[in-house]
Amino acid sequence: MSNTEKRGLHRVQNMLSCRQVLNLLTMLGFMLNYALRVNLTIAIVDMVMPNITAHIAGNSSLASNNTLAGIVSSSSSEGILSNTTTSDGVDVYEERFPWDTYQTNFVLGCFFWGYVLTELPGGRLAEMIGGRRVFGHSMLWASLLTLITPLAAHMSYVMLIVVRVALGFMLGASWPAIHPVAAVWIPPMDRSKFMSNMMASSLGAAITMPICGYLISVCGWASVFYLTGAVGLLWSLCWFTFVYETPATHPRISAEERREIEEAIGTSTSKKRPSYVPWGQLLCSPAVWAIIITHGLSVFGFFTVINQLPTFMSKILHFDIKKNGLFSSLPYLGKYVMAVASSYLADYLRQKGTLSTTATRKLFTTFALVTPGLLMTAQVFLGMDATWSVAIFTLALFAHGAVTAGYLGNGLDIAPNFSGTIFGMANSLSSFGGFLSTWMVGALTFDNPSFHQWQIVFWILAGTYISAAVVFVILGTGELQSWNNPPERKKIGDVAQEEGMPLKNEK
């Protein structure tokens, strides 16, 4: 690194604290995390040939009983090169594909095949070697895979599925990996605010959708993958340059900031990372299952909306692709605003002693899940009106953003030493829900893509959201669990590894 570059880094350090830099890059990282995921949900509307129905796939698809072999075999027809005149009057020649409803939803859903494989291993790996490396490499390789997505689509339908599965495999480790980062860097009373950075994923979706819609109308669908992939590579460079595993290993942290972090986190437990997971106690803990079940049901609803909202607007509300991107982004903007506001309020209430950690988590979880459940019920009756539909989806995801002050960071309350493992387990279940949601919508709208079929989807979402809230109210807690600090087994060596302290036991 040149002297000029070093001086530039020092200037950045003087302007922002290390925690502020971490917060900023974490927020941008989760924005890109969802940009890399949802770019396909809007691009696929333009990738598929218009007026393609289920019958184009022939009897082989129907005979396959919707199995993987049937879907892949029915996709053997090659894409067709079509001419599209952009909004600027430029002719763009792009390949479009004769995929039916099942094949389209299959491409969207196969992401979760890879995603589910790395959730739990990614969380545990982050606890062992540090979240910086796991989160950073997850995003780096996902960005590279995004860049080659158009090439994979042009090669074959099967190759596109392979790339999407690999993308899910890489991104699967990113969400649980950030919990061990918070356990080391973020004081207990600031963790709700830090966890709101995860909801920047909604902000990323909100920004990505209108940009994707515009790029498709100007440059064609492939451009959205090139842009999001390139920005992801740039973020990865910044992450590995400015973020370090712990305050103790950061070369540019001030003594004052390091002392402030370490004193706030406390010294109630050993600084060594636990060498094993107390699986018996963890799996028998109601508090753990409260997080796992609630997250699984909650994300099932969220993934159904995030993957299917563009299709609903295109097929039922008849929005064009550019308008689709703009209106589809509104619910995500609302969700991020709520995530930040509720997190600041939750930490304020805890710091002032107004509410205990347990009461805070249950209150915000109930609000974040019951409200969308009631709004999905309203969508059943009002969803054919475009204005009502956009308003309801926006309000539903707006309220859902409060999960950051509820169950989302609850693993840091009950067992910070194993918060990555707990969230990895929870996200593993939610990944199955993600694939199930795309299959469910495809099955319900395959032969009859009418609003009546979508009403069934909305009823299912209402029941799912409300059930999630009930589970957490009954089983959830904010108390530190005794198994967070298991006794060490006999070790071969005694190499100390610095670890973040657990959240203090609050009442």
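Look a little higher up for the structure.
Model, not experiment: these values are computed from the prediction. (Residues numbered from 1 in each chain as written. Predicted model: local features only at pLDDT ≥ 70, side-chain atom pairs only at ≥ 80, totals over all residues. Heavy atoms only, no water.)

1. A closer look at the overall build of the protein chain
Part 1 of the reasoning: Helix and strand counts for the protein chain stand at 22 helices and two strands.
Part 2 of the reasoning: Buried positions account for 59% of the 507 residues belonging to the protein chain.
Part 3 of the reasoning: Relative to all contacts within the protein chain whose residues are 6 or more apart in sequence, the contacts with residues 24 or more apart total 85%.
Part 4 of the reasoning: When the accessible surface of the protein chain is split by element, carbon and sulfur atoms take 66% of a total near 19,900 Å². (Helix = DSSP H or I, 4+ residues; strand = E, 2+ residues; numbered from the N terminus. Buried < 20%, exposed > 50% of the residue type's maximum accessible area, 1.4 Å probe, protein only. Contact = heavy atoms within 4.5 Å. Areas by Shrake-Rupley, 256 points an atom, 1.4 Å probe, with all protein chains shown as cover.)

2. Considerations on the packing of helix 2 (residues 18-47) against helix 12 (residues 200-219)
Part 1 of the reasoning: Where helix 2 meets helix 12, the axes come as close as 7 Å, and the angle between the chain directions of the two elements is 40 degrees. In this view, helix 2 runs oblique relative to helix 12, as classed from their interaxial angle. The two elements helix 2 and helix 12 cross, and the hand of that crossing is right-handed. In contact with M27, F30, M31, Y34, A35, V38, N39, T41, I42, A43 and D46 of helix 2, helix 12 contributes A200, S201, L203, G204, A205, I207, T208, M209, C212, G213 and I216.
Part 2 of the reasoning: For the contact of helix 2 with helix 12, the class distribution of residues is 15 nonpolar, six polar and one charged. (Axes fitted to C-alpha atoms, helices over the stretch in contact; angles between N-to-C directions. Parallel < 35°, antiparallel > 145°, perpendicular 65-115°, else oblique. Left-handed = near helix turned anticlockwise from the far one by under 90°. Nonpolar A, V, L, I, M, F, W, Y, C, P; charged D, E, K, R; others polar.)

3. Remarks on the side chain of R132
Part 1 of the reasoning: Residue position: R132 is located in helix 7 (residues 131-147).
Part 2 of the reasoning: An unpaired buried charge is present at R132: no salt bridge exists, and E245, the closest side chain of opposite charge, is 4.7 Å distant. (Lys, Arg positive; Asp, Glu negative; His and termini not counted. Salt bridge = Lys/Arg side-chain N within 4 Å of Asp/Glu carboxyl O.)

4. Remarks on the side chain of R191
Part 1 of the reasoning: Examined against the element boundaries, R191 turns out to sit in helix 11 (residues 191-195).
Part 2 of the reasoning: In this structure R191 is buried but unpaired, with D413 as the nearest side chain of opposite charge at 6.3 Å.
Part 3 of the reasoning: Within polar-contact distance, the side chain of R191 engages the backbone oxygen of A183 at 3.4 Å.
Part 4 of the reasoning: Here the side chain of R191 touches I186 through a polar contact of 2.9 Å, landing on its backbone oxygen. (Polar contact = N/O pair within 3.5 Å; in protein donor to acceptor, adjacent residues only side chain to side chain.)

5. Description of the packing of aromatic side chains
Part 1 of the reasoning: What the rule picks out here adds up to 17 aromatic pairs.
Part 2 of the reasoning: Arranged with centres 6.3 Å apart and planes meeting at 35 degrees, the rings of W454 and F458 form a pair that is tilted. Of the two residues, W454 and F458 both sit in helix 22 (residues 451-475), four residues apart, roughly one turn of that helix. Here the two residues W454 and F458 agree in accessibility, since each one is buried.
Part 3 of the reasoning: Clustering of aromatic rings is evident, with ring pairs tying together F30, Y34, F135, W175, W235, W239 and F302. (Phe/Tyr/Trp six-rings, centres within 6.5 Å; stacked < 30°, edge-to-face > 60°.)

6. With respect to the nonpolar core
Nonpolar side chains in soluble globular proteins tend to be buried together.
Part 1 of the reasoning: Counting residues in hydrophobic clusters, the biggest one holds 122 residues, and the most contacted among them are M47, W185, W221, Y332, M376 and F458.
Part 2 of the reasoning: It is helix 2 that provides the largest number of residues to this core, a total of 16 residues.
Part 3 of the reasoning: Looking at which domains feed residues into this core, each of domain 1 (16-46 + 99-266) and domain 2 (279-485) supplies at least three.
Part 4 of the reasoning: Among the nonpolar cores identified, the runner-up in size contains 13 residues, and V277, A287, V288 and M425 belong to it. (Core = buried A, V, L, I, M, F, W, Y, C linked by side-chain atoms within 4.5 Å. Domains from an automatic or database assignment.)

7. Details of helix 13 (residues 222-242)
Part 1 of the reasoning: The end-to-end C-alpha distance of helix 13, which contains 21 residues, comes to 31 Å, matching closely the 30 Å that a straight helix rising 1.5 Å per residue would cover.
Part 2 of the reasoning: All of the buried residues in helix 13 are A222, S223, V224, F225, T228, G229, G232, W235, S236, W239 and F242. (Expected span 1.5 Å × (residues − 1).)

8. Some remarks on the pattern of salt bridges
Part 1 of the reasoning: Under the criterion given, the structure shown has nine salt bridges.
Part 2 of the reasoning: D190 serves as the salt-bridge partner of K193, at 3.1 Å between the closest nitrogen and oxygen.
Part 3 of the reasoning: Since its relative accessible area comes to 18%, K193 is described here as buried.
Part 4 of the reasoning: By relative accessible area, D190 is classed as partly exposed at 26%.
Part 5 of the reasoning: Residues joined in a network through salt bridges with shared partners are D190, K193, D347 and R350.

9. As for a nonpolar patch on the surface
Part 1 of the reasoning: A cluster of nonpolar residues, W279, L283, W289, L374, I466, V470, V473, I474 and L475, forms a patch on the protein surface that exposes about 780 Å² of accessible area.
Part 2 of the reasoning: Considering every element that reaches the nonpolar patch, the biggest residue donor is helix 22, with five residues.
Part 3 of the reasoning: The topology assignment puts W289 in helix 16 (residues 286-315). (Patch = residues over 30% accessible without salt bridge, like charges linked within 9 Å, V, L, I, M, F, W, Y side chains within 5 Å.)

10. Concerning the environment of F240
Part 1 of the reasoning: Relative to the assigned elements, F240 resides in helix 13.
Part 2 of the reasoning: Considering only alpha carbons, one finds F240 and R133, 107 residues apart in sequence, at a separation of 8.1 Å.
Part 3 of the reasoning: Each residue touching F240, except ones within four places of it in the same chain, is listed here: R132, R133, G136 and H137.

11. Quick word on the environment of N427
Part 1 of the reasoning: Examined against the element boundaries, N427 turns out to sit in helix 21 (residues 419-445).
Part 2 of the reasoning: A residue is classified by how much of its surface remains accessible, and N427, at 3% relative accessible area, is buried.
Part 3 of the reasoning: The spatial distance from the C-alpha of N427 to the C-alpha of V116 is 7.5 Å, given a sequence separation of 311 residues.
Part 4 of the reasoning: Ignoring any residue separated from it by four or fewer positions in sequence, one finds N427 in contact with Y115, E119, W175, P176 and H295.
Part 5 of the reasoning: A distance of 3.4 Å separates a polar atom in the side chain of N427 from a polar atom in the side chain of Y115.

Note that every value here comes from positions in space, so none of it alone points to a role or purpose.
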